[in-house]
Structure formats: structure tokens, C-alpha cells
Amino acid sequence: MKKALFVLKTRKAKRLIAKAVANLPEVKKALEEGYIVINPGSTNGYVAEEILGREIEKDRFVIGYIENGKLCISPAERRLPPIIIYKGKQIDEPYDSVLDKLGKNDVIIKGANAIDFEGNVGIMLGNKVGGTIGKIIGPVVSRGVKLIIPVGLEKLIPSVKLASSVLGIEELDYSDGLKIGLMPVAYGKVITEIEAFFILANVEAFLVAKGGLNDSQGASIIAVWGEDKDVDRAIEIVNNLKE
């Protein structure tokens, strides 16, 4: 058995997760036979690039975001719309129309803003009617649509359940930027760096430390182990990640 230790800066971690999502069997199947809907998000921009095989304007492929110490929302006129792919080709079809068509063999990809030690995820809500997740969660769960949730360990918190209970747009008297709620989501397949290493290189992985200085602020330090050839593959993948 071989072991390796990686310092994954945030952008490289997003790229690693994106590569894993693009390699999921359900994503490959939907790419050939059905719909893939990629909702805007900082990690989902990387996912879109890996699935489409080309670069997009990732800084425009966001809705809610954190910048300059504030919770922000991107102006509607600046945002790129959700990316909708049908049988391998990006199409221009109304979001609501596609949502009505999704079934068990289709995939919808939605990022998250928090993940806790038990693997629960939370999604920030800056919209009083629940935003994107509020709109899609009912149809997705009721029909068994494949929901993929890419989220980096930079977003690790102690408890999504507790965090959701203390937030709420109407509950907050003050906020650095946008007031928000947080929706816990129990449905779907969560992909962090840990799952990504297993999907891409068949190695076990464990988060051992966090943090850094300058461009490595927020980095995740991750140990991996497994068969020599698999760890070598993990090293090769990380060394070739582009931001």
C-alpha cells in the first residue's frame, strides 16, 4: 500500500470534483440518452467545463456568492443561464419546460454552500420563495431524477441542521450583505474531494487539515492511500489539474 498527501487549493479542488462528476455513470448515461441540467454555481462552472469539454465564463456562472466579506447576488443581466444538455448537445430550451420533462434517467446538478461532518448539505436561500432548490426539489424527489451535489470541503461546517435553524431572511436583524436562509438537503449524491479521489483513482481519502496563506487560504490537506498504481494515478491527476 502507498500513501500520499495533497494540498488542494480551492480552485484545484473544484476542478477535481468536476472531473469526478463528469465521470459518474449516471452522468455519462444521461449525456448519451437524456437531459443534464447544470445550475449556476462556482463549482458547477468547473463541472460544466468538464462535461462540455470547453471553457465557459465561470465568473458569470453564479447567482449567490461571497466576495469582499459580503453575501452577494449576481445581477440577473450579468448571469449566464443554467446549462441544459440533451443527448450530448447544449440546447436552448426554457428551464421550466425542461424541468417538467425530467425523469429517472436524467441528471440535475446543483451546488451547495455547506456540508457537515455527517455528509449533510445546506443550500443558501436569498430568495423568499426558496430559489432554485426550492423550485426543483419537489419534482426531482417525486420522480426520482438524479440529483448530483458537488461541494468542496472548504464549505465544511459542524452541523447543517443547526445552521439552518438559526438562519432565515426574516429571522436576521443584520447581515454582512444579503440576508439568507439555509435549506438542508437529504436527497441526492454528494461529491466532495473525498468521493472524487475514489471515483477517479480508486483510493481512500481523508481530510487531515485546513487552511493556508495567500493563494492557499482555505486549502484542504488530504491524505490518500491504496494500491501503488492507484495512488500514482491520484498523484498524476492532481499534478495535472488546471485551475
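Each remark here, short or long, concerns the structure printed above.
The notes below deal with the structure included here. Not measured: the values here are computed from a predicted model.

**Some thoughts on the overall build of the protein**
- A count of helical and extended segments in the protein gives eight helices and 15 strands.
- Against the globule reference of 18 Å for 243 residues, the protein gives a C-alpha radius of gyration of 18 Å, in line with a compact fold.
- A principal-axis box enclosing the C-alpha atoms of the protein has dimensions of 50 × 45 × 30 Å.
- Looking at the protein as a whole, 45% of its 243 residues are labelled buried.
- Of the roughly 12600 Å² of accessible surface on the protein, a fraction of 52% belongs to carbon and sulfur atoms.

**Remarks on the sheet that holds strand β13 (residues 189-191)**
- Spatially, β6-β5-β2-β7-β10-β13 is the arrangement adopted by the six strands of the open sheet, whose pairing is mixed. With partners counted over all chains shown, the strands left at the sheet margins are β6 (89-91) and β13, one partner each. Each strand axis lies, on average, 25 degrees off the axis of its neighbour in the sheet, ignoring direction.
- Strand direction decides the pairing type here: strand β5 (residues 83-86) and β6, joined by three bridges, are antiparallel. Looking across to β6, one finds that Tyr 86 is bridged to Lys 89.

**A few points about a nonpolar patch on the surface**
- A contiguous nonpolar surface patch, about 320 Å² in accessible area, is contributed by Leu 5, Phe 206 and Val 208.
- Among the structural elements, Val 208 can be located in strand β14 (residues 204-210).

**Here we look at the nonpolar core**
- Counting residues in hydrophobic clusters, the biggest one holds 42 residues, and the most contacted among them are Leu 8, Ile 36, Ile 38, Ile 51, Ile 109, Phe 197 and Val 224.
- No other element matches the seven residues that helix α1 (residues 10-22) contributes to this core.
- Excluding anything up to four places from it in sequence, Ile 38 contacts Asn 44, Ala 48, Ile 51, Phe 61, Pro 82, Ile 83, Ile 85 and Ile 109.
- If you look at the next biggest cluster of nonpolar residues, it comprises 21 residues, including Leu 102, Ile 108, Ile 133 and Ile 149.

**Regarding the sheet that holds strand β9 (residues 121-125)**
- Reading across the sheet, the four strands line up as β11-β8-β9-β12 and stay open at both edges, with mixed pairing between neighbours. Edge positions in the sheet fall to β11 (156-157) and β12 (181-185), since each has one partner strand and no second.
- Strand direction decides the pairing type here: β9 and β12, joined by five bridges, are antiparallel. Directly across from Val 121, in β12, lies its bridge partner Val 185.
- Helix α5 (residues 131-143) rests against β9 and β12 of the sheet, and its axis sits at about 30 degrees to β12.

**Comments concerning unusual backbone geometry**
- A positive phi is found at Lys 87, a non-glycine position, where the angle reads about 50 degrees.
- With respect to the element layout, Lys 87 can be found in the loop between β5 and β6.
- According to the relative accessible area criterion, Lys 87 is partly exposed, its value standing at 47%.
- In this structure, Asn 202 takes a positive phi of about 60 degrees despite not being glycine.

**What to know about the packing of aromatic side chains**
- Tallied over the entire structure, the rule returns two aromatic pairs.
- A ring pair is formed by Phe 6 and Phe 197, whose centres lie 5.4 Å apart and whose planes are at 15 degrees; its orientation type is stacked. Of this pair, Phe 6 sits in strand β1 (residues 2-8) while Phe 197 sits in helix α7 (residues 193-201), and the two are 191 residues apart along the sequence.
- Taking relative accessible area as the criterion, Phe 197 reaches 2% and is therefore assigned buried.
- The ring of Tyr 46 has Lys 58 sitting right over it, with the charged end atom 4.9 Å from the ring centre.

**Here's the deal with the packing of α7 against helix α8 (residues 228-239)**
- Packing of α7 against α8 brings their axes to within 9 Å, and their N-to-C directions diverge by 115 degrees. Judged by the angle between their axes, α7 and α8 are roughly perpendicular. For the pair α7 and α8, the crossing hand works out as right-handed. On the side of α7, the interface is formed by Phe 197, Leu 200 and Ala 201, while α8 contributes Asp 230, Arg 233, Ala 234, Ile 237 and Val 238.
- Residues of the contact of α7 with α8, tallied by class, amount to six nonpolar, no polar and two charged.

So, how was this worked out
- Residues numbered from 1 in each chain as written.
- Predicted model: local features only at pLDDT ≥ 70, side-chain atom pairs only at ≥ 80, totals over all residues.
- Heavy atoms only, no water.
- Helix = DSSP H or I, 4+ residues; strand = E, 2+ residues; numbered from the N terminus.
- Rg over C-alpha atoms; globule rule 2.2 N^0.38 Å.
- Buried < 20%, exposed > 50% of the residue type's maximum accessible area, 1.4 Å probe, protein only.
- Areas by Shrake-Rupley, 256 points an atom, 1.4 Å probe, with all protein chains shown as cover.
- Pairing = 2+ DSSP bridges.
- Axes fitted to C-alpha atoms, helices over the stretch in contact; angles between N-to-C directions.
- Patch = residues over 30% accessible without salt bridge, like charges linked within 9 Å, V, L, I, M, F, W, Y side chains within 5 Å.
- Salt bridge = Lys/Arg side-chain N within 4 Å of Asp/Glu carboxyl O.
- Core = buried A, V, L, I, M, F, W, Y, C linked by side-chain atoms within 4.5 Å.
- Contact = heavy atoms within 4.5 Å.
- Phe/Tyr/Trp six-rings, centres within 6.5 Å; stacked < 30°, edge-to-face > 60°.
- Lys NZ or Arg CZ within 6 Å of the ring centre and 35° of its normal.
- Parallel < 35°, antiparallel > 145°, perpendicular 65-115°, else oblique.
- Left-handed = near helix turned anticlockwise from the far one by under 90°.
- Nonpolar A, V, L, I, M, F, W, Y, C, P; charged D, E, K, R; others polar.

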